[in-house]
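# Working through the structure, step by step
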Protein chains: 2
Amino acid sequence: MPPNSSRTPSPGPPAPGTARPGGRTARTRAAVRDAVLSGLVEHGYPGLTVEYVAEHSGVHKTTLYRRWSSVEGLIADALDLAGEDSWTPPDTGTLGGDLHALAQEVADTFGDPAAGAAPAAFIAAAFQSEQAAEALRGFYAERFGRCAPLVERAVARGEVPAGTDPGALARAVSAPLFFRLFITREPLDRAVAGQAADAALAAARAGVFASTA
Amino acid sequence: MPPNSSRTPSPGPPAPGTARPGGRTARTRAAVRDAVLSGLVEHGYPGLTVEYVAEHSGVHKTTLYRRWSSVEGLIADALDLAGEDSWTPPDTGTLGGDLHALAQEVADTFGDPAAGAAPAAFIAAAFQSEQAAEALRGFYAERFGRCAPLVERAVARGEVPAGTDPGALARAVSAPLFFRLFITREPLDRAVAGQAADAALAAARAGVFASTA
DNA sequence: CACCAAATGCGACCCGAGTTGCGTTACGCT
DNA sequence: AGCGTAACGCAACTCGGGTCGCATTTGGTG
């Protein structure tokens, strides 16, 4: 089973038996996604237009509207691609170290305009289209799932209570950072990232994220 | 000094001595802001158009573009109005109670589509225009400032260490909620809100938000 | 290899957001 | 009360996003 879970009928490898998974369609899709990503870093989300993608991908405007229907659809598809990477959570030996590394990773990503443009666009697109919102939801669910081993190691070491919810802890680390970046629009430095990690760690130790006492 | 701090030259009561703070301009501005808010709850941010505001406010399209320049400008101005309310943080007698009440308030606001439409639009607009982003920044800075007494009371009661940063604590409560709402696009129930309050409380007790030890 | 359907290319068209120039109204001041 | 100017109303225009109908290519299939 391909990492692309099904969504709307439009994009994605059209189910291994149906239609034509052939070469041209795949080539088109890849070219389009490259153009979308380069467009995002170049003009940002507000400046990304379907016509730009058409020119820089060699795919006709009509085709883009037919298969992706809008800029948000293009971004949602690009998000699927982004979710297929091989990222794994840090493993420093201690929970505190892992959480700090995780927070710094987020801070560094959005500190670099080029690296942060695409993720920011994904979040912005979710305001405009339910399709993009669902893609985001799936992306983060899968991403937080990858953090489970990190928490299990900490439980095994006795750093946090048994029954600690991995997802809740992972979310607790990221939330303050994204909050500052995209809600309150405040600057994000390493001190804030460290504080977020510390706060999540303290809450986890107190058993706030443990289901069974 | 009016609660409207100055920003771009365009909107806002034009400084009590200059130009003409007169009746028509003020009436126009009020009518426009009403139309913006009703438009947001009716069509949401993606569907809010300048022309809609023109029709429902009785103010001509040209005037809107002249004074606010775009939909994002209109929203930024409406945000200033929203910041002028008389909201005060809860006071239940205990820090835990206050934080829980705060979290529930956020959850309830965004649980109601009508009440949540405008705030969500403000956040969305900040992705499109720096003017809206700065308005948001100011709004939340002022809002978190109002939470200072809440934390001071807790310090006086000995519930959290002296030197606990009020802003950091207030942010810690809201962050997980907004994170779920607008970043990961996950549903938000009362249990999650309660957990956010508990996590912030645990971190505060552990001294994570205290500057001096 | 020939055929059919899916997928793409292509240009013309429509519509609405945003702009411009000018005339009109109303506020503020003497 | 009367004047000057800021603020607003108005209609026409431009321009780019998005759509439509049809021709063309591509890939799977018997």
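Notes on the structure follow. (Residues numbered from 1 in each chain as written. Chains lettered and ligands numbered in written order. Predicted model: local features only at pLDDT ≥ 70, side-chain atom pairs only at ≥ 80, totals over all residues. Heavy atoms only, no water.)

### Observations concerning the interface of chain B and chain A
Opposite the 34 residues of chain B that make contact, chain A presents 34 residues. Across the chain B/chain A interface, buried area totals approximately 3,000 Å², and carbon plus sulfur atoms make up 71% of it. Three residues, B:F127, B:I183 and B:R185, lead the burial of chain B against chain A; their summed loss comes to 25% of the area buried on that side. The tally of links from chain B across to chain A stands at two salt bridges. A salt bridge links A:R171 to B:E186, with the shortest nitrogen-to-oxygen separation between them at 2.1 Å. Here chain B and chain A share four residue pairs in polar contact (both at pLDDT 80 or more) between them. Ranked by the residues each element gives to the side of chain B that touches chain A, the list is headed by helix α9 (residues 166-183) of chain B, at ten residues. Partitioned by chemical class, the residues of the side of chain B that touches chain A number 24 nonpolar, four polar and six charged. (Contact = heavy atoms within 4.5 Å. Buried area = accessible area lost by both parts, 1.4 Å probe. Salt bridge = Lys/Arg side-chain N within 4 Å of Asp/Glu carboxyl O. Polar contact = N/O pair within 3.5 Å; in protein donor to acceptor, adjacent residues only side chain to side chain. Helix = DSSP H or I, 4+ residues; strand = E, 2+ residues; numbered from the N terminus. Nonpolar A, V, L, I, M, F, W, Y, C, P; charged D, E, K, R; others polar.)

### Topic: empty space enclosed by the protein
This structure, assessed with the given rule, holds two cavities of 30 Å³ or more. Looking at the largest cavity, its volume works out to about 360 Å³. Along its surface, the largest cavity is lined by 28 residues, and A:A172, A:P176, B:A172, B:A175 and B:P176 are the ones closest to its centre. Secondary structure elements with two or more residues in the lining of the largest cavity: α9 (166-183) and α10 (190-205) of chain A together with α9 and α10 (190-205) of chain B. Its residues assigned to classes, the lining of the largest cavity comprises 22 nonpolar, two polar and four charged. Of the residues in the lining of the second largest cavity, the class split is seven nonpolar, no polar and no charged. (1 Å grid on protein atoms, 1.4 Å probe; cavity = no way out; pocket = protein on both sides within 12 Å on 5 of 7 lines; lining within 4 Å. Points joined across faces, edges and corners; volume = space filled by probe spheres on them.)

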